[in-house]
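# Structural characterization, general
Given next are the chains, with one letter for each unit.
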Number of protein chains: 2
Amino acid sequence: MSSYKAPTRDTRFIINDVLKLEGYGHLPGFANASPDIVDAVIEEAGRFAAEVIAPLNASGDAEGCTRAADGSVTTPQGFKAAHAAFREAGWGTLSAPEEFGGQGMPHVLGFVIEEYMSAANQAFAMYPGLTNGAVSALLAKGSPELQAKYLPRMVSNEWLGTMNLTEPQCGTDLGLIRTKAEPQADGSFAVTGTKIFISAGEHDLTDNIIHLVLARLPDAPAGTKGISLFVVPKFLVGDDGSLGARNAVSCGAIEHKMGIHGNATCVMNYDGATGWLVGEENKGLAAMFIMMNAARLGVGIQGLAQAEAAYQNGAAYARDRRQGRALTGPAEPQQSADPLIVHPDVRRMLMDAKAFTEGMRALALWCGLLVDVAHQAAEESERDAADDLVGLLTPVIKGYGTDRGFATAVDMQQIWGGHGYIVENGMEQFVRDARIAMIYEGANGVQAMDLVGRKLALKGGRAIQAFFALVDAECAAAKGNETLVDVATRIEKANGELKAATMWFLQNAMANPNNAGAGATPYMHLTGVVALGLMWLRMAKAASEALASGASDTAFYEAKLTTARYFAERYTPDAGALRRKIEAGAEALMALPAEAFETA
Amino acid sequence: MSSYKAPTRDTRFIINDVLKLEGYGHLPGFANASPDIVDAVIEEAGRFAAEVIAPLNASGDAEGCTRAADGSVTTPQGFKAAHAAFREAGWGTLSAPEEFGGQGMPHVLGFVIEEYMSAANQAFAMYPGLTNGAVSALLAKGSPELQAKYLPRMVSNEWLGTMNLTEPQCGTDLGLIRTKAEPQADGSFAVTGTKIFISAGEHDLTDNIIHLVLARLPDAPAGTKGISLFVVPKFLVGDDGSLGARNAVSCGAIEHKMGIHGNATCVMNYDGATGWLVGEENKGLAAMFIMMNAARLGVGIQGLAQAEAAYQNGAAYARDRRQGRALTGPAEPQQSADPLIVHPDVRRMLMDAKAFTEGMRALALWCGLLVDVAHQAAEESERDAADDLVGLLTPVIKGYGTDRGFATAVDMQQIWGGHGYIVENGMEQFVRDARIAMIYEGANGVQAMDLVGRKLALKGGRAIQAFFALVDAECAAAKGNETLVDVATRIEKANGELKAATMWFLQNAMANPNNAGAGATPYMHLTGVVALGLMWLRMAKAASEALASGASDTAFYEAKLTTARYFAERYTPDAGALRRKIEAGAEALMALPAEAFETA
């Protein structure tokens with residue numbers, strides 16, 4: 001069976017040595033996050049994830065969720081108690097505002113918790129995870145009354161939240177939504193329609209479930225400009241906070257899925273359910289995007305998390321399982337065979353995983369810090385600059401992070417050979433669970449189009465230009481350091497490929513927008529390579545400084561330098577290939593008539 | 001639910017226009033394979049796969065195999081009747097020798113059948129598929145008595161066969177085998193040991209099951225030089241062919257797997273079971289490799305087959321499902337949304353799939369033809385040259401074919417968005433089933449080492465040099481044709497990268513064999529890209545000739561030219577990146593101590 005240990009040493013390195021969180025003490029909320037508190041939170045979150053949540057990962061997958069004839073849903077054994085422990089420990093409150101019972105700690109710490117919980121048990125972590133998204137939307141757009149009624153108990157995890165977007169006829173294209181909301185005399189709305197793929201739509205973890213639902217008002221314009229957001233509680237809530245009547249919302253079915261069996265993915269039926277408008281009429285899409293952007297970063301972190309969990313089990317097997325001999329001669333001649341880790345091709349998969357997970361962790365946490373800066377910095381220009389980068393990096397973290405996260409899980413399963421295909425060993429669950437992250441909260445092709453079609457052009461391309469400048473500056477600085485010069489040279493070259501690809505879009509996407517669409521996914525991957533390269537440069541620099549200053553943990557820092565070199569040698573060559581694919585454009589790609597895809 | 005239609009038009013194009021099978025009429029067996037017979041076999045096999053086998057794919061996955069307390073195994077509903085129909089139709093006999101009841105048709109046709117059956121239902125197709133491997137070993141190494149007793153009824157599929165290699169402590173490293181074979185007074189052997197992961201180890205499809213088992217004689221030398229091969233029938237067979245006593249071999253358990261649920265993967269217990277030696281004592285590995293090489297090509301074809309089946313369902317969904325609008329403006333403004341196929345990123349996945357499946361089909365069938373030439377050509381030099389290429393291409397077809405086959409299944413699932421993650425839609429089954437092909441019959445890392453560590457060096461590198469020359473000649477010829485010159489130029493460049501990578505191995509692998517190991521997988525993929533490039537050049541040439549000669553089916557041939565261009569533009573850029581990864585060598589990859597892979 002698989003196991004999980006939170007990579008707290010690596011997290012502390014990123015937070016303390018790379019991001020230097022201590023330097024942000026002037027920001028609101030960061031004063032509470034003193035180094036000793038941060039370290040304690042990281043260690044305790046790691047312990048909780050490993051000891052309370054991880055042991056339910058395989059059993060939750062095997063058992064799944066059960067819907068009874070009355071529409072009630074039972075989560076796998078142990079989930080209810082684990083969620084009670086999660087609630088009591090206050091993990092849901094960490095980066096929520098103090099006004100609503102949160103601890104007001106930086107988002108970057110919230111991202112750490114998300115990684116650990118998702119790695120330990122993605123299906124479980126989704127229950128509080130989706131609540132975070134719902135909380136964001138209510139915080140940004142809810143009336144003071146709605147906020148007061150729902151937020152404290154959602155922040156505390158006494159109630160959990162959901163996001164209801166998808167319908168049978170519409171996923172990506174939310175303009176096709178049909179669910180209706182009829183205004184009632186008392187100011188509420190009667191919501192009617194069917195939503196599908198609703199994660200955590202119904203369950204037994206909490207006494208109430210707060211659904212955020214996209215629907216149309218009777219006079220709403222067609223398309224995405226006619227969508228409004230509603231809050232629809234499972235049980236109506238009195239003004240005194242007491243639970244009232246059961247609302248007319250119910251789970252019609254649980255979907256049978258490839259993975260994340262421990263999370264109830266529901267068909268939700270709204271039959272004139274009572275709801276309240278969140279934000280303005282017909283402005284639901286904007287409110288939804290607040291949930292969505294938070295959720296997209298969360299899903300990117302799921303990609304990292306499944307990769308990390310799979311990596312740990314791949315590495316453990318590679319060190320333990322003996323098969324064959326090293327190519328350079330027996331490494332342990334006294335044994336009947338050498339451990340798998342002597343084989344270069346096994347190493348290749350482990351080093352690929354290590355370079356990805358550690359680089360991606362740095363990228364995600366940096367982005368978490370940028371979220372904080374975008375919210376809290378004193379200067380508008382500083383807030384805007386951070387917000388630009390968050391906007392640019394969100395589709396990359398979601399799309400590249402989950403594509404590579406899945407590929408890493410597949411590689412780690414491969415290390416186990418035939419045993420990786422056997423359910424009881426747990427490796428195939430990582431693959432099945434990681435697979436969904438490439439799809440939900442906007443399929444990765446949608447992320448790529450968000451990056452290329454929207455984020456690149458925003459504000460005259462300010463975000464990508466700022467990103468180029470950051471990478472250039474980091475490369476220039478590193479080239480003066482003998483230890484870093486080779487790595488910097490390769491990453492600078494990859495950044496050059498990204499610039500060339502960006503320029504190609506500028507020159508060719510106006511004439512034919514399909515040129516942007518045809519290159520969108522390669523461009524997202526190319527940006528991912530450069531962004532991880534930037535992180536590896538920063539980590540290598542921090543490691544080099546630590547070694548120069550006589551840090552005791554030399555093996556840890558030397559491994560960072562070696563992995564940075566591996567990343568530079570083995571990941572950046574793809575940059576040129578990706579640019580050439582982008583520059584191939586849309587012509588051959590779009591040339592065939594639809595009938596050419598019919599088998600004859 | 002997913003569906004399948006055999007791509008008979010494409011198969012006929014490859015066999016008739018690209019490979020020009022008619023030109024091989026001088027080879028034994030090929031005389032029977034006249035164009036009209038070949039076409040009829042292709043159509044009938046396609047019909048059988050689509051109508052009889054494919055409908056059991058999803059139900060077989062859902063139901064799986066069941067082991068009763070007495071060790072007997074029941075296959076999913078419908079499998080027994082379908083296998084009876086398969087047997088009656090004589091599909092197992094197609095390319096088996098006439099001497100043992102086969103039809104003596106070319107292997108290339110056998111490969112067509114394997115693709116169709118695997119695409120329709122991989123779990124089902126494995127039952128007769130493994131029998132083919134067992135038949136090959138008995139044909140090559142069995143005594144006339146053993147051949148006469150077993151082969152006719154295995155060829156006819158009255159009995160099915162298995163391959164018993166893996167044990168709990170040994171998969172890749174067969175030198176660790178512990179199963180024992182004690183000589184008995186009557187010339188038979190008592191076989192004792194436990195085998196795991198035995199596909200089709202026990203089932204209810206046939207009255208008898210013929211196991212080929214690797215075991216050690218009492219005085220055998222250690223390691224792979226002490227392994228012998230035995231035939232161990234489930235029921236002993238009298239000299240008159242009658243079924244006798246139940247042998248002491250039984251199924252101890254059915255493994256719970258990620259996929260191929262319809263195939264019983266068994267733990268097999270041998271408790272002094274009666275067996276007979278196949279071939280010479282301690283030469284079992286050589287006999288096993290005969291099975292294995294046939295099986296590896298079969299597994300590569302499984303990669304193609306799952307990709308093809310997934311592609312058909314991805315393409316159908318992309319044409320049917322409406323979501324969003326074309327970037328260039330509404331394609332079907334009278335509808336509420338455009339079909340997915342207007343989106344370039346969806347096209348990208350479809351074109352990637354089309355370029356892979358059609359290229360891989362050509363490569364597999366070319367290799368099938370080379371198998372025939374290697375067996376049947378009159379001249380030894382011609383046989384040897386074909387055999388060289390089969391040896392070189394086998395790990396590429398297995399490794400590259402299944403890596404890309406799996407990636408294609410994942411992409412096709414992606415086109416379905418959230419619906420692709422739902423079990424009932426069938427897309428996730430393609431992914432789960434395709435996954436095993438990267439693992440069994442030698443994990444793909446083992447294929448890569450077979451290619452780099454063995455096949456490259458064999459006979460002074462004759463095979464790879466011949467391959468280079470073939471690609472160069474095809475490129476040179478194509479460069480005179482205006483339609484083909486761009487494609488040829490790009491493929492020539494990719495071939496140049498492959499030559500450079502090969503040269504790098506020559507210069508660097510001797511000093512440190514880990515340099516070969518570190519680059520093995522990228523090299524296998526690079527060879528795959530060039531091999532598919534060679535096929536696309538040949539297909540483009542054939543299509544261009546057909547168009548020039550006024551063929552009526554112009555859309556088909558024009559699609560070939562477009563897809564060749566797409567392949568050249570979108571697949572060949574990886575060649576340079578792969579070469580650079582290879583040239584990075586083993587240093588950073590092997591530098592870290594094993595402890596660096598432990599999470600702290």
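This one's a predicted model, so the numbers in the text were calculated from it and none came from an experiment.

Calculation notes
- Chains are numbered independently. Their residues run from 1 in the order of the written sequence.
- Lettering of chains starts at A and numbering of ligands starts at 1, both following the order in which they are written.
- The predicted nature of this model means local features are confined to residues of pLDDT at least 70 and side-chain atom pairs, given and counted, to a pLDDT of 80 or more, with totals for whole chains, interfaces and linings taken over all residues.
- The side-chain numbers reported here are obtained from all heavy atoms of the structure, hydrogens and water having been left aside.
- Only runs of H or I of at least four residues qualify as helices and only runs of E of at least two qualify as strands under DSSP, and these elements are numbered from the N terminus.
- Only C-alpha atoms enter the radius of gyration; for comparison, a globular chain is expected to reach 2.2 Å times N to the power 0.38, where N is the number of residues.
- When accessible area is computed with a 1.4 Å probe and restricted to protein chains, residues below 20% of their type maximum are described as buried, those above 50% as exposed, and intermediate ones as partly exposed.
- Residue contacts are counted whenever heavy atoms from the two residues lie within 4.5 Å of one another.
- For the purpose of charge, His is not counted, nor are the chain termini; Lys and Arg are scored as positive and Asp and Glu as negative.
- Charged side chains are reduced to one point each, which is NZ for Lys, CZ for Arg, CG for Asp and CD for Glu.
- A helix is expected to span 1.5 Å for every residue after the first.
- Of all possible arcs, the one meant is that of the directions from the helix axis to the C-beta atoms.
- UniProt positions are given in the numbering used here, feature names are shortened, and annotations may be inferred rather than shown by experiment.
- Note that domain bounds follow an automatic or database assignment of domains.
- For any pair of parts, buried area is found by adding up, for both, the accessible area (1.4 Å probe) each one loses once the two are put together.
- In what follows, salt bridge is the name for a side-chain nitrogen of Lys or Arg lying within 4 Å of a carboxyl oxygen of Asp or Glu.
- In the analysis that follows, any N or O atom pair within 3.5 Å is treated as a polar contact, provided that within protein one partner can donate a hydrogen and the other can accept it, and provided that, for residues neighboring in sequence, both atoms belong to side chains.
- Under the scheme applied, nonpolar residues are Ala, Val, Leu, Ile, Met, Phe, Trp, Tyr, Cys and Pro; charged residues are Asp, Glu, Lys and Arg; polar residues are all the others, including Gly.
- Note on disulfides: each one is a pair of cysteine sulfur atoms within 2.5 Å.
- Put simply, buried Ala, Val, Leu, Ile, Met, Phe, Trp, Tyr and Cys residues joined by side-chain atoms within 4.5 Å make one nonpolar core.
- When the copies are superposed, the least-squares fit takes in the C-alpha atoms of residues with a pLDDT of at least 70 in both.
- Ring pairs shown here join Phe, Tyr and Trp side chains whose ring centres sit within 6.5 Å, with only the six-membered ring taken for Trp; geometry is labelled stacked below 30 degrees between planes, edge-to-face above 60, and tilted in between.
- Put simply, a charge is over a ring when the Lys NZ or the Arg CZ is close to the ring centre, within 6 Å, and near the line of the ring normal, within 35 degrees.
- Orientation is described by lines fitted to C-alpha atoms, with helices fitted over the stretch in contact, and by angles between N-to-C directions that extend from 0 to 180 degrees.
- Roughly parallel means an angle under 35 degrees; roughly antiparallel, over 145; roughly perpendicular, 65 to 115; everything else is oblique.
- Handedness of a crossing is defined here by the sense of rotation of the near helix relative to the far one, left-handed for an anticlockwise turn of less than a right angle and right-handed for a clockwise turn.

## Focus: the overall build of chain A
Regarding its fold elements, chain A presents 18 helices and 11 strands. Taken over C-alpha atoms, the radius of gyration comes to 24 Å for chain A, in line with the 25 Å a tight globule of 600 residues would show. Principal-axis analysis of the C-alpha atoms gives chain A an extent of 80 × 65 × 60 Å. Within the span of chain A, comprising 600 residues, buried residues form 63% of the whole. In chain A, the share of contacts with a sequence separation of at least 24, taken over all contacts with a separation of at least 6, comes to 73%. Here chain A carries 50 positive and 68 negative side-chain charges, and the mean point of each set is 4 Å from the other.

## A word on helix H7 (residues 144–155) of chain B
All names here are of chain B. Here H7 spans 15 Å end to end across 12 residues, near enough to the 16 Å set by a 1.5 Å rise per residue. Of the positions making up H7, those classed as buried are Leu146, Gln147, Tyr150, Leu151, Met154 and Val155. The arc that holds the buried residues of H7, viewed along the axis, is 120°, so those residues lie on one side. H7 presents Glu145 and Ala148 as exposed residues on the side facing more than 90 degrees away from its buried surface.

## Here we look at unusual backbone geometry
Leaving glycine aside, a negative phi is the common case for residues, and trans is the common case for peptide bonds. Positive phi is not limited to glycine here, since Ile260(A) has a value of about 35°. Note that Ile260(A) resides in the loop between strand E10 (249–254) and strand E11 (265–278).

## Looking at the UniProt feature "domain: Acetyl-CoA dehydrogenase-like C-terminal" (unreviewed entry) in chain A
In this numbering, the UniProt entry assigns the feature "domain: Acetyl-CoA dehydrogenase-like C-terminal" (unreviewed entry) to residues 467–593 of chain A. Between the first and last C-alpha atoms of residues 467–593 of chain A the distance is 39 Å; the span itself is 82% helix and 0% strand.

## Some remarks on the domain arrangement of chain A
All names here are of chain A. What the domain assignment reports for chain A is domain 1 (287–450) and domain 2 (453–591). Computed over C-alpha atoms, the centres of domain 1 and domain 2 are 18 Å apart. The interface is formed by 30 residues belonging to domain 1 together with 31 residues belonging to domain 2. Buried area between domain 1 and domain 2, summed over both chains or domains, comes out near 2700 Å², and the portion from carbon and sulfur atoms is 68%. Looking only at domain 1, the three residues that lose the most surface to domain 2 are Asp388, Leu392 and Tyr400, adding up to 23% of its buried area. The interface formed by domain 1 and domain 2 holds five salt bridges in total. At the boundary of domain 1 with domain 2, the tally comes to 13 residue pairs in polar contact (both at pLDDT 80 or more). Counting residues per element, the ones that place at least two in the side of domain 1 that touches domain 2 are helix H9 (344–376), helix H10 (380–415) and helix H12 (444–455). Here the side of domain 1 that touches domain 2 is built from residues that sort into 15 nonpolar, six polar and nine charged.

## Examining the interface of chain B and chain A
How big an interface is tends to be stated in terms of the accessible area lost upon association of its parts. Taken together, the contacts link 101 residues of chain B with 101 residues of chain A. Summing both partners gives a buried area of about 8600 Å² for chain B against chain A, and 59% of it is carried by carbon and sulfur. Where chain B touches chain A, the interface holds six salt bridges. Along the contact surface separating chain B from chain A lie 54 residue pairs in polar contact (both at pLDDT 80 or more).

## Here's the deal with the state of the cysteines
Defined simply, a disulfide is a covalent bond joining two cysteines at their sulfur atoms. Here the structure, examined in full by the defined rule, presents zero disulfides over all chains. The closest cysteine sulfur to the non-disulfide-bonded Cys65(A) is located on Cys266(A), 7.7 Å from its own sulfur. Free of any disulfide, Cys367(B) has its nearest cysteine sulfur in Cys475(B), 20 Å distant.

## Some details on the nonpolar core
As a rule of thumb, nonpolar side chains are buried together in soluble globular proteins. Formed by 428 residues in total, the largest nonpolar core has its most connected members in Leu350(A), Phe467(A), Tyr523(A), Leu350(B), Phe467(B) and Tyr523(B). Residue contacts for Leu350(B): discarding those within four places in its chain leaves Phe597(A), Tyr311(B), Gly314(B), Ala315(B), Ala318(B), Ile341(B), Met412(B) and Ile415(B).

## Notes on the relation of the copies chain B and chain A
Its rotation angle being 180°, the transformation that places chain B on chain A also includes 0.0 Å of axial translation and leaves an RMSD of 0.0 Å. Considering both components of the superposition, the chain copies are consistent with a two-fold axis. Relative to the rotation axis, the closest C-alpha in chain B is found at Ala577(B), a distance of 3.1 Å. A share of 100% of interface residues in chain B that are also interface residues in chain A marks the association as one of identical surfaces.

## Focus on the environment of Tyr571(A)
Topologically, Tyr571(A) is positioned in the loop between helix H16 (554–570) and helix H17 (573–583). In contact with Tyr571(A), not counting residues within four places along its chain, are Asp352(A), Ala355(A), Phe356(A), Tyr400(A), Arg404(A), Val529(A) and Tyr566(A).

## Quick word on the side chain of Arg538(B)
When you line up the elements, Arg538(B) lands in helix H15 (residues 514–548). Not counting the four nearest positions on each side in its chain, Arg538(B) is found in contact with Val18(B), Trp366(B), Leu470(B) and Glu474(B).

## Some thoughts on the environment of Leu229(A)
All names here are of chain A. Mapped onto the secondary structure, Leu229 falls in strand E7 (residues 228–233). Separated by 15 residues in sequence, Leu229 and Leu214 have C-alpha atoms that sit 4.7 Å apart. Not counting chain neighbours up to four residues away, the residues in contact with Leu229 comprise Ala137, Leu212, Val213, Leu214, Trp276, Leu277, Val278, Gly284, Ala287 and Met291.

## Here's the deal with the packing of aromatic side chains
Inspection of the entire model under this criterion finds 33 aromatic pairs over all chains. Between Phe79(A) and Phe124(A), the ring centres sit 5.5 Å apart and the planes meet at 75°, which makes this aromatic pair edge-to-face. In this pair, Phe79(A) is assigned in helix H4 (residues 79–89) and Phe124(A) in helix H6 (residues 122–141), connecting sequence segments 45 residues apart. With respect to class, Phe79(A) is no different from Phe124(A); both count as buried. Members of the aromatic cluster, each reached through a chain of ring pairs, are Phe48(A), Phe79(A), Phe86(A), Trp91(A), Phe124(A) and Tyr127(A). Residue placement shows Arg538(B) over the ring face of Trp366(B); its charged tip is 4.6 Å from the ring centre.

## Here's the deal with the packing of H9(A) against H10(A)
Residues and elements named next belong to chain A. One can describe the packing of H9 onto H10 by two numbers: an axis separation of 8 Å at closest approach and a directional angle of 155°. Between H9 and H10, the crossing angle belongs to the class labelled roughly antiparallel. Crossing of H9 against H10: the hand is left-handed. A breakdown of the residues in the contact of H9 with H10 according to their chemical character gives 22 nonpolar, five polar and six charged.

## Here's the deal with the environment of Val231(A)
Residues and elements named next belong to chain A. With respect to the helices and strands, the residue Val231 is situated in strand E7. For Val231, a relative accessible area of 0% corresponds to the buried category. Between the C-alpha atoms of Val231 and Arg322, which are 91 residues apart in sequence, the distance is 56 Å. Setting aside its immediate chain neighbours within four residues, Val231 contacts Leu146, Tyr150, Ile210, His211, Leu212, Thr274, Gly275, Trp276 and Val278.

## What about H17(A)?
For H17(A), a buried count of eight out of 11 residues is recorded, marking the element as mostly surrounded by other parts of the structure. Where H17(A) is buried, its residues touch helix H14 (485–508), helix H15 (514–548) and H16 of chain A together with helix H16 (554–570) and helix H17 (573–583) of chain B. A positive backbone phi angle near 70° is found at Gly585(A), which sits one or two residues after H17(A).

## Some remarks on the pattern of salt bridges
Throughout the structure, instances matching the rule amount to 70 salt bridges over all chains. For Arg579(B), the salt bridge goes to Glu497(B), with nearest N and O atoms at 2.3 Å. Residue Arg579(B) is found in helix H17, and its partner Glu497(B) is found in helix H14 (residues 485–508); the two are separated by 82 residues along the sequence. Judged by its relative accessible area of 12%, Glu497(B) falls in the buried class. Taken together, the shared-partner salt bridges in this structure form one network comprising Asp10(A), Glu115(A), Glu308(A), Lys354(A), Glu358(A), Arg361(A) and Lys560(A).

## Quick word on the packing of H4(A) against H6(A)
Residue and element names in this part refer to chain A. The N-to-C vectors of H4 and H6 enclose an angle of 50°; their axes lie 11 Å apart at closest approach. By the angle between their axes, H4 is oblique relative to H6. Read as a crossing pair, H4 and H6 show a hand that is right-handed. On H6, the residues touching Phe79, Ala82, His83 and Phe86 of H4 are Ala123, Phe124, Tyr127 and Pro128. Here the contact of H4 with H6 is composed, by residue class, of seven nonpolar, one polar and no charged.

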